Amino acid sequence: MAKKKQWNELSAGQRVGVVALTAVQVTLAVAAYRDISKRDERELTASKTAWRLITMIDIVGPLTYFLAGRRV
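Residues numbered from 1 in each chain as written. Predicted model: local features only at pLDDT ≥ 70, side-chain atom pairs only at ≥ 80, totals over all residues. Heavy atoms only, no water.

## With respect to the overall build of the chain
Of the regular secondary structure elements, the chain holds 3 helices and 0 strands. Start at the N end of the chain and walk to the C end: the helices and strands fall as α-α-α. Taken along the three principal axes of its C-alpha coordinates, the chain extends 50 × 25 × 15 Å. Of all 72 residues assigned to the chain, the portion counted as buried reaches 19%. In the chain, once contacts between residues fewer than 6 apart in sequence are set aside, the share between residues at least 24 apart is 45%. Accessible area of the chain: about 5400 Å², with a carbon and sulfur share of 63%. For the chain, the distance from the average site of its 12 positive side-chain charges to the average site of its 6 negative ones is 5 Å. (Helix = DSSP H or I, 4+ residues; strand = E, 2+ residues; numbered from the N terminus. Buried < 20%, exposed > 50% of the residue type's maximum accessible area, 1.4 Å probe, protein only. Contact = heavy atoms within 4.5 Å. Areas by Shrake-Rupley, 256 points an atom, 1.4 Å probe, with all protein chains shown as cover. Lys, Arg positive; Asp, Glu negative; His and termini not counted. Charge placed at Lys NZ, Arg CZ, Asp CG, Glu CD.)

Below you can see the structure in the form of structure tokens.
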């Protein structure tokens, strides 16, 4: 099994990639939390609590919420 790289062992491009992906993940999570908070629970496909928990799953949670969490 390969040893995990430390931050200082990453190339400049890899560092930029990590920071960019983190920014995307945080932005999506914040947007999902704000959207969940302002919606009535009847507008969601599951409870607000369930969607808040699901939204904590990396980048997949917020994407799942935006694709399948809201009733149209």
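## So, the packing of helix 2 (residues 48-55) against helix 3 (residues 60-69)
Taken N-terminus to C-terminus, the directions of helix 2 and helix 3 make an angle of 140°; their axes are 7 Å apart at the nearest point. In terms of orientation, helix 2 and helix 3 fall into the oblique class. Counting all contacts with helix 2, which are made through W51, I54 and T55, the residues of helix 3 involved are G61, P62, T64, Y65, A68 and G69. Looking at the contact of helix 2 with helix 3 residue by residue, the classes come out as 5 nonpolar, 4 polar and no charged. (Axes fitted to C-alpha atoms, helices over the stretch in contact; angles between N-to-C directions. Parallel < 35°, antiparallel > 145°, perpendicular 65-115°, else oblique. Nonpolar A, V, L, I, M, F, W, Y, C, P; charged D, E, K, R; others polar.)

## A look at the nonpolar core
Formed by A32, I36, L44, W51 and Y65, the largest nonpolar core amounts to 5 residues. Among residues more than four places away in sequence, those in contact with Y65 are A32, D35, I36, R39, L44, W51, T55 and R70. (Core = buried A, V, L, I, M, F, W, Y, C linked by side-chain atoms within 4.5 Å.)

## What to know about helix 3
For helix 3, every residue scored as buried is listed here: G61, P62, Y65 and G69. What you see down the axis of helix 3 is that its buried residues fit within an arc of 100°, all on one side. The outward face of helix 3, more than 90 degrees from its buried face, is lined by the exposed residues V60 and L67. (Arc of directions from axis to C-beta.)

## Describing unusual backbone geometry
Trans peptide bonds make up most of the peptide bonds, and negative phi angles are found at most residues other than glycine. In the Ramachandran plot, D58 falls in the positive-phi region, its phi being about 35° despite a non-glycine side chain. Within the secondary structure layout, D58 lies in the loop between helix 2 and helix 3. You can call D58 exposed: its relative accessible area is 51%.

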